[in-house]
Amino acid sequence: MEKLLSSELETRIKAVRYNIAAAAAKSGRESADVRLLAVTKHVPAETINAARALGIDLIGENREQSLGEKYGELERCGLEIHFIGHLQKNKAKSVIKMASCVQSLDSIALAAELERQCVAADKSISAFIEVNIGKDPNKSGIDPEALAGFIESLREYRHLSIDGLMTILPFGLSDLQNERYFSKMHELYVDIRAENRDNIDIHELSMGMSLDYMQAVKHGSTIVRIGTALFSLQR
Ligand SMILES: *Cc1c(COP(=O)(O)O)cnc(C)c1O
């Protein structure tokens, strides 16, 4: 398989960081308030380790199986791993061993299973609630109207630390439509933050991907999830 040169990877990481800083500055934010999460699905462990050496300290994987295949080879010193894909209950046990955060909490059944596995493993895990802001029937995630009720029912899962909201926008929208959804997500985030509870302290807003992360930063994203712009071999 063709490989990404480390020099090219360095250039791309710099470019993405530069764009994040520029978008943050434009909207009066600090670039330090936005974390870059490198989405490493389809990326071999060797390239992930090269990215780690270039300062990437947070990665996201969307499938338990591919994470499992690479996990043993990753230079994990200082590397934080988030799970960002739809998680099936029967993979929860394996994922909580490898990831420190599940960004894709999208059902009570999954919350209950994560809780059960955390109790068994005597640990806690961070979780973000995935919000289907565009009400896209092909996407998982909680409807914006159902979010408050969903959060209320997460209170009993004491081994889950509910730290953030995550969203994936519908594909193929105009810039303006993207911005509307990002702005709606930010409103939800601000509203929810006003009412903190014991295990629920929402302080992360994970939104923005390769094509729209600058708009997401403009609307308050605290974590952008970038795959293609960093790792694509076609450019
Ligand atoms: C693949 C993926 C991304 C990254 O998308 P790019 O357009 O390649 O930057 C972000 N979030 C999730 C949940 C993904 O599955």
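Residues numbered from 1 in each chain as written. Predicted model: local features only at pLDDT ≥ 70, side-chain atom pairs only at ≥ 80, totals over all residues. Heavy atoms only, no water.

**Q** Even after reading the chapter, I still don't get the overall build of the protein, so can you show me in this structure?
**A** Along its length, the protein carries nine helices and eight strands. Its C-alpha atoms give the protein a radius of gyration of 17 Å, near enough to 18 Å, the size a compact globule of 235 residues would have. Side-chain charges in the protein split into 29 positive and 33 negative, and the spacing between the mean points of these groups amounts to 2 Å. (Helix = DSSP H or I, 4+ residues; strand = E, 2+ residues; numbered from the N terminus. Rg over C-alpha atoms; globule rule 2.2 N^0.38 Å. Lys, Arg positive; Asp, Glu negative; His and termini not counted. Charge placed at Lys NZ, Arg CZ, Asp CG, Glu CD.)

**Q** Explain the pattern of salt bridges here, please?
**A** Between side chains of opposite charge, pairing is possible as soon as their charged atoms come close. What the rule picks out here adds up to ten salt bridges. Here Glu-10 ties to Lys-14 by a salt bridge, and the two come within 3.8 Å at their closest N and O atoms. Taken together, the residues Glu-10 and Lys-14, both in helix H1 (residues 6–26) and four residues apart, mark about one turn of the helix. Overall, Glu-10 belongs to the partly exposed group, its relative accessible area being 34%. The exposure class assigned to Lys-14 is exposed, which follows from its relative accessible area of 56%. A salt bridge links Glu-113 to Arg-116; the shortest N-O distance between them is 3.0 Å. One end of the pair, Glu-113, and the other, Arg-116, are both in helix H5 (residues 108–121), three residues apart, so they sit about a helical turn from each other. Judged by relative accessible area, Arg-116 falls into the exposed class, the value being 53%. Ionic contacts of the salt-bridge type, sharing partners, join the residues Arg-35, Asp-57 and Glu-80 into one network. (Salt bridge = Lys/Arg side-chain N within 4 Å of Asp/Glu carboxyl O. Buried < 20%, exposed > 50% of the residue type's maximum accessible area, 1.4 Å probe, protein only.)

**Q** I'm lost on the environment of Gly-60 in this one. Help?
**A** As for its placement among the helices and strands, Gly-60 is situated in strand S2 (residues 58–61). Looking at Gly-60, the relative accessible area reads 0%, which means it is buried. Residues Gly-60 and Leu-211, spaced 151 residues apart in sequence, show a C-alpha to C-alpha distance of 17 Å. Once you skip the residues sitting within four places of it in the chain, Gly-60 turns out to touch Leu-37, Ala-38, Val-39, Thr-40, Lys-41, His-82 and Ile-84. (Contact = heavy atoms within 4.5 Å.)

**Q** Quick question: what am I supposed to make of the site of the ligand here?
**A** Around the ligand, the structure places Val-39, Lys-41, Ile-84, Ile-168, Met-209, Ser-210, Arg-225, Ile-226, Gly-227 and Thr-228. One nitrogen or oxygen atom from the side chain of Arg-225 is found 2.9 Å from a nitrogen atom belonging to the ligand. When the free accessible area of the ligand is taken as 390 Å², the share hidden by the protein chains comes to 86%. Looking at the shell around the ligand residue by residue, the class counts come to five nonpolar, three polar and two charged. (Near = heavy atom within 4 Å. Polar contact = N/O pair within 3.5 Å; in protein donor to acceptor, adjacent residues only side chain to side chain. Areas by Shrake-Rupley, 256 points an atom, 1.4 Å probe, with all protein chains shown as cover. Nonpolar A, V, L, I, M, F, W, Y, C, P; charged D, E, K, R; others polar.)

**Q** Just checking my understanding: could you explain the environment of Cys-118 for this structure?
**A** When you line up the elements, Cys-118 lands in helix H5. Expressed as a C-alpha distance, the spacing of Cys-118 and Leu-160, which sit 42 residues apart in the sequence, is 8.1 Å.

**Q** Got a minute to help me understand the nonpolar core in this structure?
**A** For soluble globular proteins, nonpolar side chains are generally found buried alongside one another. Judged by nonpolar contacts, the single largest core of 67 residues is most densely connected at Leu-105, Leu-114, Ile-129, Leu-154, Ile-162 and Leu-165. In contact with Leu-105, other than residues within four places in its own chain, are Leu-110, Ala-111, Leu-114, Ala-127, Phe-128, Ile-129, Glu-130, Phe-150, Leu-154 and Ile-162. Grouped together as the second largest cluster of nonpolar side chains are eight residues, Val-39, Leu-58, Ile-84 and Phe-128 included. (Core = buried A, V, L, I, M, F, W, Y, C linked by side-chain atoms within 4.5 Å.)

**Q** Sorry if this is basic, but what is going on with the side chain of Ser-104 here?
**A** The topology assignment puts Ser-104 in strand S4 (residues 101–105). Apart from the residues lying within four places of it in its own chain, the contact partners of Ser-104 are Phe-83, Ile-84, Gly-85, Leu-110, Phe-128, Glu-130 and Met-166.

**Q** Any chance you could explain the packing of aromatic side chains here in plain terms?
**A** Ring pairs (aromatic) are described by centroid distance and by the angle formed between their planes. Going through the model one piece at a time under the given rule, you end up with zero aromatic pairs. When the ring centre of Phe-171 is taken as reference, the NZ or CZ atom of Lys-139 above it lies at 4.4 Å. (Phe/Tyr/Trp six-rings, centres within 6.5 Å; stacked < 30°, edge-to-face > 60°. Lys NZ or Arg CZ within 6 Å of the ring centre and 35° of its normal.)

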